Amino acid sequence: MAITDHPITAKAHTNIALVKYWGKLDDQLIIPQNDSLSITLDEFYTQTAVQFSPSLAADKVVFDDQTLSATDSLRVRTFLDQVRALAHIDYRASVTTQNFVPTAAGLASSASGFAALAGAASRAAGLHLNRQDLSRLARRGSGSATRSIFGGFVAWQQGHDDATSYAYPIDEQPTWDIAVVALVLTAKQKKISSRVGMKRAVETSPFYPAWITASQTDFKTMKTAIETQDFELLGHTAEQNAMRMHALTLSSDPTFTYFNADSIKAMNMVRDLRLRGISCYFTMDAGPNVKIICHGSDAKRIAQHFQTAFGQDHVLVTRPGAGISISD
Ligand code: ADP
Ligand code: DP6
Ligand code: CO
């Protein structure tokens, strides 16, 4: 296996889960407790360049123009170890990554981040993985990254081991007019990472078994909604599923929440819009930022409505995005 003599660049988009992954069966391999399903977003992404080199004594990680300390780069270096094992190489790497999405704010930076790293690092190590294997590799960095290999609507089948847990596309280029209005209410880093939050829910929430049952039903319903292009069913199911996940944080020990006051205000505004006959639904990942699922034709006026409440710069209209791209 030959490492490349030049940096390889990969671009991967974030995704917002319509049926959430919230809990692991295997922390090491990142095997989830349930199937999940997402939509890849065009406006939020990560760009990462990787080159392995015999002349490097240690891995070097530059994240948003800052060189990371050994402690701060641990998660990336652990991931590089997995790539090295796969490619049977022992060279250190130089990694440069830029997030075009707020980091650790519930906008899925770990999804685009580890999908882009999987793509760039594997190719730089001389591997040419197909998208299924790339999805499995990305999974080892962050569960949600499993789905960011593909564009449009994507499912992550839970599987039961490293070979069987990967994502597959359901509809890579949706022909229906669907949009996600993202409210970036705060770009502050969350206090409780997704990793820590979901582990606490698995270990302490008495509702966890009910979550598994409900989310598997939601997954089937969501697939039907996408196959039949049933917007109401998709939106309603996504909103229910999101609140079921957030009920796990509230019912954990110690309790916690990713909601802030603006999240609650935004969710109430979505409910009010529905009462006024505008079809839209909310979802939230592990952070206070709310995403509103709507018909593409309504996106502009919905965005304006939220801009009035939260400010021009805090509202972004996104649409289904593409899967990963990797340079030669
Ligand atoms: P988010 O809601 O943004 O996905 P998480 O708690 O899941 O928040 O993950 C945030 C972590 O993901 C960061 O602290 C960092 O370790 C990792 N991460 C984010 N972006 C990148 C990137 N571009 N490259 C490597 N790792 C990244
Ligand atoms: C709420 O994929 O960030 O966004 O696997 O520990 O890195 P790790 O967690 P992560 O968790 C995502 C949680 C979620 C739901 C989802 O994306 O499915
Ligand atoms: Co994440």
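Only a predicted model underlies this, so the values are computations on that prediction, with no experimental measurement involved. (Residues numbered from 1 in each chain as written. Chains lettered and ligands numbered in written order. Predicted model: local features only at pLDDT ≥ 70, side-chain atom pairs only at ≥ 80, totals over all residues. Heavy atoms only, no water.)

## Focus on the overall build of the protein chain
Helix and strand content of the protein chain: eight helices and 14 strands. Taken over C-alpha atoms, the radius of gyration comes to 19 Å for the protein chain, in line with the 20 Å a tight globule of 328 residues would show. Based on the C-alpha atoms only, the size of the protein chain along its principal axes is roughly 65 × 40 × 35 Å. Among the 328 residues that make up the protein chain, the fraction classed as buried is 56%. (Helix = DSSP H or I, 4+ residues; strand = E, 2+ residues; numbered from the N terminus. Rg over C-alpha atoms; globule rule 2.2 N^0.38 Å. Buried < 20%, exposed > 50% of the residue type's maximum accessible area, 1.4 Å probe, protein only.)

## Focus: the UniProt feature "domain: Mvd1 C-terminal" (unreviewed entry) in the protein chain
On the UniProt side, "domain: Mvd1 C-terminal" (unreviewed entry) is annotated at positions that read residues 180–313 here. Helix makes up 58% of residues 180–313 and strand 11%, and the two end C-alpha atoms of the span are 16 Å apart. (UniProt positions renumbered as here; feature names shortened; annotations may be inferred.)

## Some thoughts on the site of ligand 1
Taken together, 18 residues form the shell around ligand 1, and within it T97, N99, A104, S109 and K190 come nearest. Between an oxygen atom of ligand 1 and a side-chain N or O atom of S109, the distance comes to 2.6 Å. Measuring from an oxygen atom of ligand 1, one finds a side-chain N or O atom of S194 at 3.2 Å. Considered on its own, ligand 1 offers 570 Å² of accessible surface; in the complex 87% of this is hidden by protein. If you list the elements that add at least two residues to the shell around ligand 1, you get α1 (74–87), β7 (92–100) and α2 (109–124). (Near = heavy atom within 4 Å. Polar contact = N/O pair within 3.5 Å; in protein donor to acceptor, adjacent residues only side chain to side chain. Areas by Shrake-Rupley, 256 points an atom, 1.4 Å probe, with all protein chains shown as cover.)

## A look at the site of ligand 2
For ligand 2, the set of nearby residues contains 17 residues, the closest of which are Y21, K24, S142, G143 and S144. For ligand 2, an oxygen atom lies 2.8 Å from a polar atom in the side chain of R195. When the free accessible area of ligand 2 is taken as 460 Å², the share hidden by the protein chains comes to 96%. Here the element with the most residues in the shell around ligand 2 is helix α4 (residues 194–204); it accounts for three residues. Tallied by class, residues from the shell around ligand 2 come to six nonpolar, five polar and six charged. Lining the shell around ligand 2 are residues from two domains, each supplying at least three of them: domain 1 (8–173) and domain 2 (178–318). (Nonpolar A, V, L, I, M, F, W, Y, C, P; charged D, E, K, R; others polar. Domains from an automatic or database assignment.)

## Remarks on the sheet that holds strand β13 (residues 315–318)
Paired through their backbone hydrogen bonds, the strands of a sheet run either parallel or antiparallel. If you walk across this open sheet you meet the four strands as β11-β12-β10-β13, and the pairing is antiparallel. Looking at strand neighbours, the two that pair on one side only are β11 (280–284) and β13, the edges of this open sheet. Looking at each pair of strands side by side, their axes are set apart by 25° on average, direction ignored. As paired elements, β11 and strand β12 (residues 290–295) share five bridges and run antiparallel to each other. (Pairing = 2+ DSSP bridges. Axes fitted to C-alpha atoms, helices over the stretch in contact; angles between N-to-C directions.)

## Re unusual backbone geometry
Cis rather than trans, the peptide bond between D253 and P254 has omega equal to 0°. One non-glycine residue, A104, lies in the positive phi region at around 55°. Summarising the element assignment, A104 is placed in the loop between β7 and α2. With phi around 65°, A108 is a residue other than glycine that occupies positive phi space. When you line up the elements, A108 lands in the loop between β7 and α2.

## Remarks on the pairing of β7
Only one face of β7 is buried, namely the one carrying A93, V95, T97 and N99, since none of R92, S94, T96, Q98 and F100 on the opposite face is buried. Where strand β4 (residues 36–53) meets β7, nine bridges bridge the pair, whose relative direction is antiparallel. Paired with Q51 across the two strands is S94, which belongs to β7. Summarising the sheet, strand β5 (residues 60–63) and β7 pair through four bridges and their orientation is parallel.

## Looking at α4
Along an α-helix, a turn takes 3.6 residues, which lines up residues three or four apart on a common side. Among the residues making up α4, those that are buried are G197, M198 and A201. Down the axis of α4, the buried set is contained in an arc of 90°. They therefore lie on one face. Contacts made by the buried residues of α4 are with β2 (24–26), α5 (208–227) and α6 (231–250). (Arc of directions from axis to C-beta. Contact = heavy atoms within 4.5 Å.)

## Considering the pattern of salt bridges
A full pass over the atoms with the stated rule returns 14 salt bridges. R136 serves as the salt-bridge partner of D162, at 2.8 Å between the closest nitrogen and oxygen. Residue D162 is located in the loop between β8 (153–157) and β9 (166–171), and its partner R136 is located in helix α3 (residues 131–141); the two are separated by 26 residues in the primary sequence. Among the ionic contacts, a cluster of salt bridges with common partners joins D133, R136, R139 and D162. (Salt bridge = Lys/Arg side-chain N within 4 Å of Asp/Glu carboxyl O.)

## Things to note about the packing of α1 against α3
Taken N-terminus to C-terminus, the directions of α1 and α3 make an angle of 145°; their axes are 9 Å apart at the nearest point. Of the two possible hands of crossing, α1 and α3 adopt the one that is right-handed. Contact residues: α1 offers R75, F79, Q82, V83 and L86, while α3 offers L137, A138, R140 and G141. Residue composition of the contact of α1 with α3, by class: five nonpolar, two polar and two charged. (Left-handed = near helix turned anticlockwise from the far one by under 90°.)

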